[in-house]
Amino acid sequence: MKFTLPKSKLGDYLQYILQVVPNKATLPILTSILIEALENKLKISATDLDLSMTVSLDGKVVKKGSIAVPARILSDIIRELPESEITVEGTSSRVELKIPNGSYKIGAISPEDFPKLPAVNTKKEIKIDGESLVKMIRKTTFACSDDETRPALNGVLWQTKGDKMQMVATDGHRLARMAADNPTLKGMYDDVIIPPKVLNLLPKLMGDTNREVGIIFGENNIIFNLGDIIITSRLLEGPYPNFEQVIPVDNDKKLVVSRNELAGAVRRVSILSNALTHQVKFSMKDNKLTLSTANADVGGEGKEVISCTYTGEPIELGYNANYVLEVLSKIDSDDVVFELSTNVSAGVVYNVDIPKEEYLCLVMPLRLAE
Amino acid sequence: MTHFDITAFQPQAWTILSRSFQTDHIAGTYLFSGPDGSGRWALAISLAALLNCEQPVEQENPDNKTFITPCGECRNCRLIFNLSFEGLLYAIPLPPHKKEEETIDLTNQALDIKRHEPFAILSSTSNRLISIDVARQIKKRLAGKAPAGIRRVVIFYQMERMLTASADALLKLIEEPPPDTILILIAEKPELLLPTIQSRAQRIKVRSTPPEVVKHYLQSQYDLTDIKTTLLARIAQGIPGRAIAMATQDREEEPFQREEAFALFVSLLEDSPPQAVARLMTLIGDRNRGAAMELLRYWQIFLRDCTGIAILKSDEGIVNIDLQESLTRLAPYFASPETAISMTTHIKNTLADLRLNVHIHGALAALVLRMKSAMMYCR
C-alpha cells in the first residue's frame, strides 16, 4: 500500500475519525484505524463496536492495499508535522510516513484483524433533509434514559410510518416526541431504537452545512451517509414501551406563559430547592403562576409570581426544576403551553406556534411534600 | 491456530457441547464447573470458536461417533483463540480500583496471561471481585444488537467472585440472553452461586485431564525434560493449570514447595505428635489458606504413592518418581489399608474444612493429631 496526500487533509479527517476511537479497550485493535488505499481514493475507518465511522478522501494512490495503524500515535505524528505532502507506505507489519526531510515508522496490524464493518448498500438508502434531521435529534435525545435496567429506553425510538416519521425519547420522568413528513420514505414502516451517541455525533459532523443525509435502516444497525463520512451504529434491542398510552389526550387545564419569564423564575427559585429532588411548586390561580420552594436543609424559601393565561380549576403541582428547564430550552416560541390535569398526572408541554402533533414534551410531576 | 486440542483435554464436556451444536440445541447460558486450571476457560473459548467458525471440522471419535470442532484457521477462530474477537466479552475478578480505565488495564493484564496460556490459573485472592460496574458494562454492551453473522460469547470467569448486587443485576440477562448471545459462567464452587443463577444455566462439569495429555501438552509448549513433564503431569492430578503453574512459577512464588511438603510428611510419620505439630506450625507460619490446601494436596499424593508401594508391592505408577527411594522407605507405615483409608479421610475432611474458612493452624494441628492417632490405632 502506498499513497500521497497533503498533511492538512489527512490531519483533518483523522480528527473526525478519532471521535470514535476509544482511548483504551479490552480489544486492542479498537485503538487502531483501518486505512484502505483504493483506486485514487482512501478510506479510513474506526470503530468501538457500537459506533463505526468511515471517511473517504481523494489521494494519489500508487499501490492499493490496506493496513491497521494505532490511531492516536498516527494522529499525534501527523498533527506535529509541518504542512507538506506525506507519502504513506505500508507493509504487512509496518507503516512508514515519508516527509521531505525525514520519515516515521509505526508498527501496524493485519487489516484482517480489524472488526468487519457492515456493507453499505446504497440501493436501500433513503434521503432526509439534514436540517430537519438535526432538529429532530436536538429536540428528543435529551430525554433518553441512562438506566441500564431498561436498555430500550437508553435510545431514541425512530418510527417511520408511510411518509411520516417521528423520534421519541423518554426516561420515565419526561418524554419528547417530534414528528415530520418525509415523502422519500416511500411507504416504509419501521421501528428502530438508536443509541444517542450516534445521534449526538451527527450534528457535530454536519456543522452548519445543510445537506441531505442518506439513511439505511438495517436489521442490526443504522447507517448515516454524509457523503464523505459514513457512520454506522448498532441498534438497541427492543421492544420500546408503548409511549402513546402515557400521552394524555384530555387534560382540561391550560397554562400559557412566557417561556423566558418562566425559565428565569424557575432557575432562580430552584437555587433554594432540595438538592436531591430540585422540587419547585407550581401554583396556578386567576391568571397567576406562583413558583415556590422551601429547603429545610439551608433554612431557605423562595417565591415568585408571574402573570400567565390560565384556564381551569386552581391547581398546585411539584416539578423537578431541571426537567422543566430542559424542556423549556427545546421550545422555540416566545410563549409555551402546559396542558395539565391533576397533580399526579403528566403535563403536556408544547410550542404555542407549532401543533403538539408535531412536537411535544411530557413532564411527570413530583408528589408535593406535605 | 490453537495450540491445544480440547477434545483430548475435555472429551466428555466437548462431546456434549459438540452434540448440542450439531443438533442446534446450544443453551443460552452455560455453567462450566471444575477446579481452577482444569480447562474451563479453554473449553469456553473453544465453544466460542465453534459458534463463530467459518468452516467447522467434523471428526469421528474411537466409538465411530461424529463430533465437531472449530477449524482453528479461519479469521474468527484465529481471533477468538487470540482473545481479540469482536464478539467475545469478559467479566474477570479484579483487585480494588477506582477508575474505569484501570478496569480495562487490569482486565487486559488478565487477558494477556490467558492469551499466552489458556490453562493458566489467574490469581484468586479474596479481594478480587467482579464489580457491579463490570456487570453494568456487559449489560450495556449486550443491549445493542449483535453484529450480523456473529454469535457473541460472554465469559464470566470465577463467577463466585461476583458481588451479589452484580449477580442480581444480571439475573434477567442470564435467564434469557439476547439473540445470538451465549453466556458462559465459570465457577470452581458453583454451589456458592445464587440458586436463581444455578437453575438458569446448563451445567457442564469439567473433569480431570488424563496425565498423558497434560504431559504431551507440557512437552509441546514448555522447554522441560521428559522426567519433569512426567512428574508434573502426575502431581497435577488432571489439572493442567496446576502443572503449568509448577513448571513456570518461580520457586519462591509457589504457595508450598513439594520438598517442604515432603519433609513435613516425613515428620508426620516419624516424629512424635508434639514434634510433628511444632514443625508444621513453624513451616506454615503466616502462609495463607491456599498454601495450606496445597500442602494437603501434596500429602494426598505422597500417601497414595506410599500406599501403592506398600499394598501392591510395586513402585510402578507412583506420581513422585524422583522420591521413589524415600517413599519405599516410608511405605511400611501404610502396610495396613485401614491406616491409609483413615488418613486419607482425615485429609479430605480437613480440606473441606479449610474451604469453609476454618482457622488454618487449628485445622492443621488437629489433622496431625488425628493422623498420628490413626497410625497408632491401626498398628
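For the structure itself, consult the block above.
These figures come from a predicted structure and were not determined experimentally. (Residues numbered from 1 in each chain as written. Chains lettered and ligands numbered in written order. Predicted model: local features only at pLDDT ≥ 70, side-chain atom pairs only at ≥ 80, totals over all residues. Heavy atoms only, no water.)

**Q** Can you help me understand the overall build of chain A in this one?
**A** Counting its secondary structure elements, chain A contains 6 helices and 26 strands. Here the C-alpha coordinates of chain A stretch approximately 80 × 50 × 35 Å along the principal axes. Within chain A, the fraction of its 370 residues that count as buried is 54%. Summarising the internal contacts of chain A: among those between residues at least 6 apart in sequence, 66% fall at separations of at least 24. Roughly 17,200 Å² of accessible area belongs to chain A as shown, and the carbon and sulfur atoms make up 48% of that amount. Charge-centre separation for chain A: the mean point of 43 positive side chains lies 5 Å from the mean point of 49 negative side chains. (Helix = DSSP H or I, 4+ residues; strand = E, 2+ residues; numbered from the N terminus. Buried < 20%, exposed > 50% of the residue type's maximum accessible area, 1.4 Å probe, protein only. Contact = heavy atoms within 4.5 Å. Areas by Shrake-Rupley, 256 points an atom, 1.4 Å probe, with all protein chains shown as cover. Lys, Arg positive; Asp, Glu negative; His and termini not counted. Charge placed at Lys NZ, Arg CZ, Asp CG, Glu CD.)

**Q** Sorry, what's going on with the sheet that holds strand E5 (residues 152–156) of chain B here?
**A** Two pairing modes exist for strands in a sheet, parallel and antiparallel, and in both the strands are linked by backbone hydrogen bonds. All names here are of chain B. Within the open sheet, the 5 strands sit side by side as E4-E5-E6-E1-E7. Their pairing is parallel. Either end of the sheet is taken by a strand with one partner, and the two such strands are strand E4 (88–91) and strand E7 (202–205). Neighbour to neighbour, the strand axes of the sheet diverge by 20° on average, direction disregarded. Here 4 bridges tie strand E1 (residues 29–33) to E7, and the two strands are oriented parallel to one another. Each bridged residue has a counterpart across the sheet, and for phenylalanine 32 the counterpart in E7 is isoleucine 204. Sitting on the sheet, helix H2 (residues 11–22) touches E1 and E7, and the angle it makes with E7 is about 145°. Contacts from helix H3 (residues 40–52) reach E1, E4, E5, strand E6 (181–187) and E7, with the element oriented near 170° to E6. (Pairing = 2+ DSSP bridges. Axes fitted to C-alpha atoms, helices over the stretch in contact; angles between N-to-C directions.)

**Q** Please clarify how the pairing of E5(B) should be interpreted in this entry.
**A** Successive side chains on a regular strand alternate, one facing one side of the sheet and the next facing the other. All names here are of chain B. The buried fraction of E5 amounts to 5 of the 5 residues, a majority that puts the element mostly inside the structure. Here E5 shows two buried faces, one formed by Arg152, Val154 and Phe156 and the other by Val153 and Ile155. Here E4 runs beside E5; their pairing, made up of 4 bridges, is parallel. The residue bridging tyrosine 90 from the neighbouring strand is isoleucine 155, located in E5. Two strands pair when backbone bridges link them, and E5 and E6 are joined in this way by 5 bridges, in the parallel orientation. Of the residues in E6, the one forming a bridge with valine 154 is leucine 183. The β-α-β motif built from E5, the intervening helix H7 (residues 164–175) and the parallel element E6 has right-handed crossover chirality. (Right-handed = clockwise from strand over helix to strand, strands pointing away.)

**Q** Please clarify how the pairing of strand E16 (residues 221–225) of chain A should be interpreted in this entry.
**A** Residue and element names in this part refer to chain A. Within E16, 5 of the 5 residues are buried, leaving the element largely enclosed by the surrounding structure. One ladder, built from 4 bridges, connects strand E15 (residues 212–217) with E16; its direction is antiparallel. Looking at the pairing, phenylalanine 217 lines up with isoleucine 222 of E16. What sits between E15 and E16 in their antiparallel hairpin is a turn of 3 residues. Adjacent in sequence and paired antiparallel, E16 and strand E17 (residues 229–234) are bridged by 3 residues, among which glycine 227 carries a positive phi angle near 95°.

**Q** Explain the interface of chain B and chain A here, please?
**A** Listed per partner, the contact involves 29 residues of chain B and 22 residues of chain A. Summing both sides of the interface, chain B and chain A together bury roughly 2,200 Å²; the carbon and sulfur share of this comes to 50%. Applying the counting rule to chain B against chain A returns 5 salt bridges. Put simply, A:Lys24 and B:Asp105 hold a salt bridge, and the shortest N to O gap is 2.6 Å. Summed over the shared surface of chain B and chain A, the result is 14 residue pairs in polar contact (both at pLDDT 80 or more). Among the elements of the structure, helix H4 (75–81), helix H5 (100–116) and helix H6 (132–143) of chain B are those that each provide at least two residues to the side of chain B that touches chain A. (Buried area = accessible area lost by both parts, 1.4 Å probe. Salt bridge = Lys/Arg side-chain N within 4 Å of Asp/Glu carboxyl O. Polar contact = N/O pair within 3.5 Å; in protein donor to acceptor, adjacent residues only side chain to side chain.)

**Q** Help me out: how do you make sense of the nonpolar core in this one?
**A** Residues and elements named next belong to chain B. Membership of the largest hydrophobic core comes to 109 residues, with the highest contact counts inside it found for Phe32, Trp41, Phe265 and Trp299. For this core, the element with the highest residue contribution is helix H14 (residues 289–312), accounting for 13 residues. When sequence neighbours within four positions are dropped, the list of residues in contact with phenylalanine 265 reads Trp299, Phe302, Leu303, Cys306, Leu330 and Phe334. (Core = buried A, V, L, I, M, F, W, Y, C linked by side-chain atoms within 4.5 Å.)

**Q** What's the story with the packing of aromatic side chains in this structure? I'm lost.
**A** The description of an aromatic ring pair rests on the distance of the ring centres and on the angle between the ring planes. The final tally for this structure, using the stated rule, is 18 aromatic pairs over all chains. Measuring from ring centre to ring centre gives 5.9 Å for A:Tyr13 and A:Tyr16, while their planes differ by 65°; the resulting arrangement is edge-to-face. Placement of the pair is A:Tyr13 and A:Tyr16 together in helix H1 (residues 7–18), with a separation of 3 residues, close to one helical turn. A:Tyr13 gets classed as buried once you look at its relative accessible area, which sits at 15%. Between B:Phe119 and B:Tyr217 the ring centres are 5.3 Å apart and the planes differ by 75°, which places this aromatic pair in the edge-to-face class. (Phe/Tyr/Trp six-rings, centres within 6.5 Å; stacked < 30°, edge-to-face > 60°.)

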